[in-house]
Amino acid sequence: MPDQLRLDIEMQGELETLWASVLDHVEAELGQEAIASWLQDAVPVALEGGTFVLGVPNSTARAWVEKKYARRLAAALSDLQGEPLRLEVVVHRATKRAARSTTSPTPAPPASVSAAPPPRPAVSAAFAPIPLNEKYTFENFVVGQSNRFAHAAAAAVADQPGKEYNPLFLYGGVGLGKTHLLQAIGHELLVRNPHARVAYVSGETFTSHFITSLRDRKAEEFRRAYRSVDIWLVDDIQFIADKSSTKEEFFHTFNELYLTNRQVVLASDRAPRELRLMEDRLRTRLEAGLMVEILPPELEMRVAILQRRAAQEGADVPPDVLYQIACTVTDSTRVLEAALIRMLALASLTRSSVTPELAARALGAFVQESRVAGISLLSIQRAVCEYFKISEQEVIGPRRDRQTALARQVAMYLMRELTRKSLVEIGELFGGKTHSTVIYSCGKLEKELKTDAGLAASVKELRAKIAASSRE
Ligand code: ADP
Ligand code: MG
């Protein structure tokens, strides 16, 4: 693929992610109707010279979006991008609506600007499940002693959903492949039956959907969306454990699906008995199914995972280096992969080949970091503000100048890296940002860290400082 084309494709992907985050960001304020009617079919066209160009299907839509939403959208864009952005709305042929114009007509033009937008389509996007990550397939899953049973159970479920192992409950530490397996089931079922209604959600999404349904009085729609699925894959259900009304709703949904023989697969980072979710009636149900623990990968498996991952990255890593990494990082697969990626980044930044020395350099920092514990959000907020010389209020407030925005991204990134706080908790600290904003900010910073060695060094220094102060 020519370089320019690849760049263009990457750029387009980034634009789309940014736009999706914007929609997420403004949904609560503008309402789902506004989004479904006017913004769902808009496409991001370009981001150049501080202007974000948005394509909409026709001039009516353009006028409406400009008049009603432009200001809010520009604010969200600036917020997410961490720099002031203008919004330009253009009529663009390649909008999603234009592409399927025969099936979905353009919304009727507004009678007056203050009139309510037309009604939403019957099935609301508000309660849509999370799309599957295409990398999380059975083919890409390395099987070893530590996850053999979990893998077999997942494969059996994909083979015969709703039959033998219902519900299936996977549990184990962070980064051991629960999400991967859950989604692999989803992929496999869809390969076998493209019409299967596979819904993958996390405890967090379920909670936020449930809250939305209460807030917007959409209980019926929520139930319809959730109870019409064939296969329900629920990730990170520990998130629901402390929320009593959500828990209740979760139980009802679960029950309804279970009693009608639909397959439910749950994943949690805690063992069933440690979950406060476990009221008796739910416990009884779960015990009727299968509970499988995933353990941390053993050495051979860690090597195998690294090998596969290196191949995916198109990198040639000598076996002794793979062993070296596998011996140093022993806990989670995610950390293991991160160590490999960091080493490859270091190799490419310093234009050196992958040797045991290079690996030692890359891993040195890593080993130290993975020992960090007991760090609070507050201590990170404080350290970041001190470093960027801004006040603690500014970093969590609405300011959008470059420096503050960068400090904010760094703070979110370090909070996610160094603490066990959820994205929702981190978002809350920053004035109620959504978890997708936090994800987006962290992703953006991660990208910058790859290209900006100065910034990477600053973040590294900060991280070491925070770690050091937590050990005092
Ligand atoms: P969890 O949900 O248990 O926290 P994930 O499923 O998100 O963990 O896994 C973390 C990362 O490690 C993902 O990139 C995943 O693809 C990878 N991973 C985990 N286990 C395996 C495995 N057995 N084979 C290949 N990749 C794995
Ligand atoms: Mg997970």
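Cut-offs and rules
Residues numbered from 1 in each chain as written. Chains lettered and ligands numbered in written order. Predicted model: local features only at pLDDT ≥ 70, side-chain atom pairs only at ≥ 80, totals over all residues. Heavy atoms only, no water. Helix = DSSP H or I, 4+ residues; strand = E, 2+ residues; numbered from the N terminus. Buried < 20%, exposed > 50% of the residue type's maximum accessible area, 1.4 Å probe, protein only. Contact = heavy atoms within 4.5 Å. Areas by Shrake-Rupley, 256 points an atom, 1.4 Å probe, with all protein chains shown as cover. Phe/Tyr/Trp six-rings, centres within 6.5 Å; stacked < 30°, edge-to-face > 60°. Near = heavy atom within 4 Å. Polar contact = N/O pair within 3.5 Å; in protein donor to acceptor, adjacent residues only side chain to side chain. Pairing = 2+ DSSP bridges. Right-handed = clockwise from strand over helix to strand, strands pointing away. Axes fitted to C-alpha atoms, helices over the stretch in contact; angles between N-to-C directions.

A.B. asks: I would appreciate a short explanation of the overall build of the chain in the present structure.
C.D. replies: A tally of helices and strands in the chain yields 20 helices and 8 strands. Within the chain, buried positions represent 48% of all 472 residues. A separation of at least 24 residues holds for 75% of the contacts in the chain among residues at least 6 apart in sequence. Surface accessibility of the chain: about 23,300 Å² in total, with carbon and sulfur atoms responsible for 52%.

A.B. asks: Please explain the packing of aromatic side chains as it appears in this structure.
C.D. replies: Aromatic ring pairs: the centre-centre distance and the angle between the two ring planes describe each pair. Within this structure, the stated rule accounts for 14 aromatic pairs. Centre to centre, the rings of Trp-19 and Phe-52 are 6.1 Å apart; their planes meet at 25 degrees, and the pair counts as stacked. Note that Trp-19 is positioned in helix 1 (residues 3–30) and Phe-52 in strand 2 (residues 51–56), a separation of 33 residues in sequence. The pair Trp-19 / Phe-52 is uniform in exposure class, with both members buried. With a centroid separation of 4.8 Å and 45 degrees between ring planes, the pair formed by Phe-222 and Tyr-226 is classed as tilted. Of this pair, Phe-222 and Tyr-226 both sit in helix 8 (residues 219–227), separated by 4 residues, roughly a single helical turn. Taken as a pair, Phe-222 and Tyr-226 share a single burial class, namely buried. Chaining the aromatic ring pairs together yields one cluster made of Phe-127, Phe-206, Phe-210, Phe-222, Tyr-226, Trp-232, Phe-250, Phe-254 and Tyr-258.

A.B. asks: How do you make sense of the environment of Ala-184 when you look at a structure like this?
C.D. replies: Take Ala-184: it is sitting in helix 6 (residues 178–192). Residues Ala-184 and Ala-158, spaced 26 residues apart in sequence, show a C-alpha to C-alpha distance of 8.4 Å.

A.B. asks: Hey, could you run me through the site of ligand 1 in this one?
C.D. replies: The environment of ligand 1 is made up of 18 residues, and the closest members are Val-142, Gly-175, Lys-178, Thr-179 and His-180. With respect to ligand 1, the backbone of Val-142 contributes an N or O atom lying 2.7 Å from a nitrogen atom. Summarising the interface, the protein chains cover 92% of the accessible area of ligand 1, which totals 550 Å² for the free molecule. Listed by contribution, the elements that provide at least two residues to the shell around ligand 1 are helix 6, helix 11 (299–312) and helix 13 (333–349).

A.B. asks: How should the pairing of strand 3 (residues 86–91) be read in this particular structure?
C.D. replies: Two faces make up the sheet, and in a regular strand the side chains alternate between them. Two elements, strand 2 and strand 3, share 6 bridges in a ladder whose sense is parallel. Bridge pairing in strand 3 places Thr-51 opposite Arg-86. Chirality of the crossover, the property in question, places the unit of strand 2, helix 3 (residues 59–81) and strand 3 among those that are right-handed.

A.B. asks: Help me out: how do you make sense of the sheet that holds strand 2 in this one?
C.D. replies: Hydrogen bonds along the backbone pair up the strands of a sheet, which may run parallel or antiparallel. Read from one edge to the other, the open sheet built from 3 strands follows the order 1-2-3, with strand pairing classed as mixed. Each end of this open sheet is capped by a strand with a single partner; those strands are strand 1 (43–48) and strand 3. Strand-to-strand twist of the sheet, defined as the mean angle between neighbouring strand axes without regard to direction, takes the value 25 degrees. Sitting on the sheet, helix 3 is in contact with strand 1, strand 2 and strand 3, with an inclination near 150 degrees to strand 3.

That's the geometry; what it means functionally is another story.
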